2 protein chains.
Amino acid sequence: MTEEEYLAAYDPRAFPAVAVTVDVVALTIRDGALHVLLVRRGGPPFEGAWALPGGFVQPDEDLRAAAARELLEETGVTTLGRFHLEQLASYGAPDRDPRMRVVSVAHLAFAPDLPDPAAGSDAREAAWVPVDALGLPDAAGSRDRPVRQRPGTSRRLAFDHARILADGLERARGKLEYTPLATRFTGPEFTIAELRAVYEAVWGDSLHAGNFHRKVLSVPGFVESTGATTERGGTRGGPRSKLYRAGDARLLHPALLRPSREEAVR
Amino acid sequence: MTEEEYLAAYDPRAFPAVAVTVDVVALTIRDGALHVLLVRRGGPPFEGAWALPGGFVQPDEDLRAAAARELLEETGVTTLGRFHLEQLASYGAPDRDPRMRVVSVAHLAFAPDLPDPAAGSDAREAAWVPVDALGLPDAAGSRDRPVRQRPGTSRRLAFDHARILADGLERARGKLEYTPLATRFTGPEFTIAELRAVYEAVWGDSLHAGNFHRKVLSVPGFVESTGATTERGGTRGGPRSKLYRAGDARLLHPALLRPSREEAVR
DNA sequence: TCCAGTTGTACTCAATCTGAGTAGATCTCG
DNA sequence: CGAGATCTACTCAGATTGAGTACAACTGGA
């Protein structure tokens, strides 16, 4: 290795020609449903298809910075602010892009509910799309098998983006178990019910309200009370609820485990 | 993005010049201690320093295949066999290699105890090195902060490999909690005590033998009995123990949680 | 050969955690 | 104003956990 590397330093064309891109799986919750940020491709290949936002890593740009740039460009937001952004995985199958060898470093982002991206800001059309509308299989499945969208699904994703999205969803589901990142989907202050709605949307499962309440309050550093309550009760009645903000924990201990993982175990 | 991509397809030099490599954090357990596979660099930069095995991804090679190739080359083993190999993360800070922009897709491997790599097989010197001898900080820490090895540590790792190793160790510790991959560190048949030794080596913590025993046997699909027992008792006495092999579970449910994560929580 | 010390395995027991259900007060909507 | 929904706090039985006890089987050294 070292020999090659050293020589190659003097002749960059000795390296296999590879392009490095970042793609971003940006998730948010709207109307109680999980949405992902997609852009419509304006040129071939996959012209007209929806794809994850992404692009080339610039010469002096960190991978994370490149992902942040793509995320902010496409959401129309100026700072990372309350976003959560982490690296997801890299995808580099030789044939994943028909034009040339492209290795994509995928990232995963959690965002609070945002206004629709300003359509005029870019030639591309960007939109928050309900994840359910994309017809992904329920479980992410083996990392090596391709992810097929359900037949009849209106929006087919370009490249291997269905696989990347599936991996991102599975990672998101896991992250909610042992980190307090669910709070990144809400505003700075939230009710326990809002937090529960986040878990239900991401996990696709309804949770026992009482047990969830008890559990969230019992995990040290998950949430802290603001002392205030909502101005009004819920849309369909019920008392005003107390408001909380994110605590200082970086890991939930003990974790909130999602129900019924038995199926996926074998 | 799509515009640029399309144009660039006809002029590969429009892409920023980036090299893509794989690096492998290969772990095994020897004499009850966690070891990592390292190679000594034969040329600049970091000449003479130890580094993770790795190298360039070949033009038609999958990322995983490249990692497998490097792993097998350096261990002197011919097939992946009972290895576990997964992608860890990608590292692409613009200055991480002084020669040019290099994005490395790091992988994590678990191996059973292997003979020392045949020294003559390659110009490079490869060795299994006890992780403790590398003086890494106990916790992986924030992903963005550099990992500094303890002063006075004899083997300084090249590039950002200390950070990659630290991330690999943290991932390995977590994986043992909720997957049955500890069995990849043992031979095909093993005793519960051997399995416990794996956990203790990776977690750096001693475990209650009785509780560990109960827990392992109670998790469905973790291990299955072979019916046989060891030929002899332990080296320092004790009865012969029953032999087990890996079961068919891919996830442990419920998980084996490592003790005292409280500290790392905030 | 025997003994001291170690180990594998199986218990017990109290403390904790979990899922499920109940209950009451509070609020919205019609 | 009444029906229905929701937030929050309880209760309770069952499961899980950490810690300790018990004992037979085994090794190495005396």
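Everything here concerns the structure above.
Everything numeric in this text was worked out from a predicted model, so none of it was measured.

Which residues make up the overall build of chain A, and what values do they have?
In terms of regular secondary structure, chain A is built from five helices and nine strands. Reading the secondary structure of chain A in the N-to-C direction produces α-β-β-β-β-α-β-β-β-α-α-α-β-β. A buried classification covers 52% of the 266 residues belonging to chain A. Within chain A, contacts between residues at least 6 apart in sequence are counted, and of these 63% link residues at least 24 apart. Total accessible area on chain A stands at roughly 12500 Å², and carbon and sulfur atoms take up 51% of it.

Break down the protein's contact with DNA strand D for me, with residues and values.
Surrounding DNA strand D, one finds 22 residues, the nearest of these being His213(A), Pro239(A), Lys242(A), Lys215(B) and Gly238(B). Among the atoms of DNA strand D close to the protein, meaning within 4 Å, 68% are from sugar or phosphate groups. One nitrogen or oxygen atom from the side chain of Asn211(B) is found 3.0 Å from a base nitrogen belonging to DNA strand D. Take Arg240(B): an N or O atom from its side chain is 3.5 Å from a phosphate oxygen of DNA strand D. Mapped by element, the contributors of at least two residues to the surface near DNA strand D are α4 (192-203) and α5 (209-218) of chain A together with α5 (209-218) of chain B. The dominant element in the surface near DNA strand D, judged by the number of residues it contributes, is α5(B), at three residues. In terms of residue class, the surface near DNA strand D is made up of three nonpolar, eleven polar and eight charged.

Any details on the protein's contact with DNA strand C? Residues and values, ideally.
Near DNA strand C you find 22 residues, and of these Lys215(A), Gly238(A), His213(B), Pro239(B) and Lys242(B) are the closest. Protein-proximal atoms of DNA strand C, defined as those within 4 Å of the protein, fall in sugar or phosphate at a share of 68%. In this structure, a phosphate oxygen belonging to DNA strand C sits 3.4 Å away from a side-chain N or O atom of Arg232(A). Arg236(B) is positioned such that a nitrogen or oxygen atom in its side chain is 3.1 Å from a phosphate oxygen of DNA strand C. Looking at the surface near DNA strand C, the elements with two or more residues in it are α5 of chain A together with α4 (192-203) and α5 of chain B.

Hey, could you go over the packing of helix α3 (residues 161-178) of chain B against α4(B) for me, with residue numbers and the actual values?
Residue and element names in this part refer to chain B. Put simply, α3 and α4 touch, their axes get as near as 9 Å, and they point 145 degrees apart. Seen along the crossing, α3 lies across α4 with a hand that is left-handed. Across the interface between the two elements, Ala172, Arg173, Leu176 and Glu177 of α3 pack against Val198, Tyr199, Val202 and Trp203 of α4. Split by residue class, the contact of α3 with α4 holds six nonpolar, no polar and two charged.

Break down the pairing of strand β6 (residues 102-110) of chain B for me, with residues and values.
Residue and element names in this part refer to chain B. Of all nine residues in β6, nine are buried, a share of seventy percent or more. Both strand β1 (residues 19-30) and β6 contribute to a ladder of nine bridges, which runs parallel. Paired with Val20 across the two strands is Val103, which belongs to β6. Bridge count between strand β5 (residues 84-91) and β6: seven bridges; the pairing is antiparallel. Considered in β6, the bridge of Tyr91 is made with Ser104.

Account for the pattern of salt bridges, naming residues and giving values.
Residues and elements named next belong to chain A. Across all of its chains, the model carries 34 salt bridges over all chains by this definition. A salt bridge links Arg69 to Glu70, with the nearest nitrogen and oxygen atoms 3.0 Å apart. A relative accessible area of 5% means that Glu70 is categorised as buried. The residue Arg163 makes a salt bridge to Asp167 at a minimum N-O spacing of 2.8 Å. With a gap of four residues between them, Arg163 and Asp167 both fall in helix α3 (residues 161-178), about one helical turn apart. For the pair shown, Arg163 and Asp167 are each scored as buried. One connected set of salt bridges, linked through shared partners, spans Glu61, Arg69, Glu70 and Glu73.

How would you explain the environment of Val202(A) if you had to name every residue and give the values?
Residues and elements named next belong to chain A. Here Val202 is to be found in helix α4. Remark: the alpha-carbon pair of Val202 and Thr28, spanning 174 residues in sequence, is separated by 9.4 Å. Excluding its chain neighbours within four sequence positions, the residues that come into contact with Val202 are Ile29, Leu34, Ala172, Arg173, Leu176 and Phe185.

Thresholds applied
Residues numbered from 1 in each chain as written. Chains lettered and ligands numbered in written order. Predicted model: local features only at pLDDT ≥ 70, side-chain atom pairs only at ≥ 80, totals over all residues. Heavy atoms only, no water. Helix = DSSP H or I, 4+ residues; strand = E, 2+ residues; numbered from the N terminus. Buried < 20%, exposed > 50% of the residue type's maximum accessible area, 1.4 Å probe, protein only. Contact = heavy atoms within 4.5 Å. Areas by Shrake-Rupley, 256 points an atom, 1.4 Å probe, with all protein chains shown as cover. Near = heavy atom within 4 Å. Polar contact = N/O pair within 3.5 Å; in protein donor to acceptor, adjacent residues only side chain to side chain. Nonpolar A, V, L, I, M, F, W, Y, C, P; charged D, E, K, R; others polar. Axes fitted to C-alpha atoms, helices over the stretch in contact; angles between N-to-C directions. Left-handed = near helix turned anticlockwise from the far one by under 90°. Pairing = 2+ DSSP bridges. Salt bridge = Lys/Arg side-chain N within 4 Å of Asp/Glu carboxyl O.

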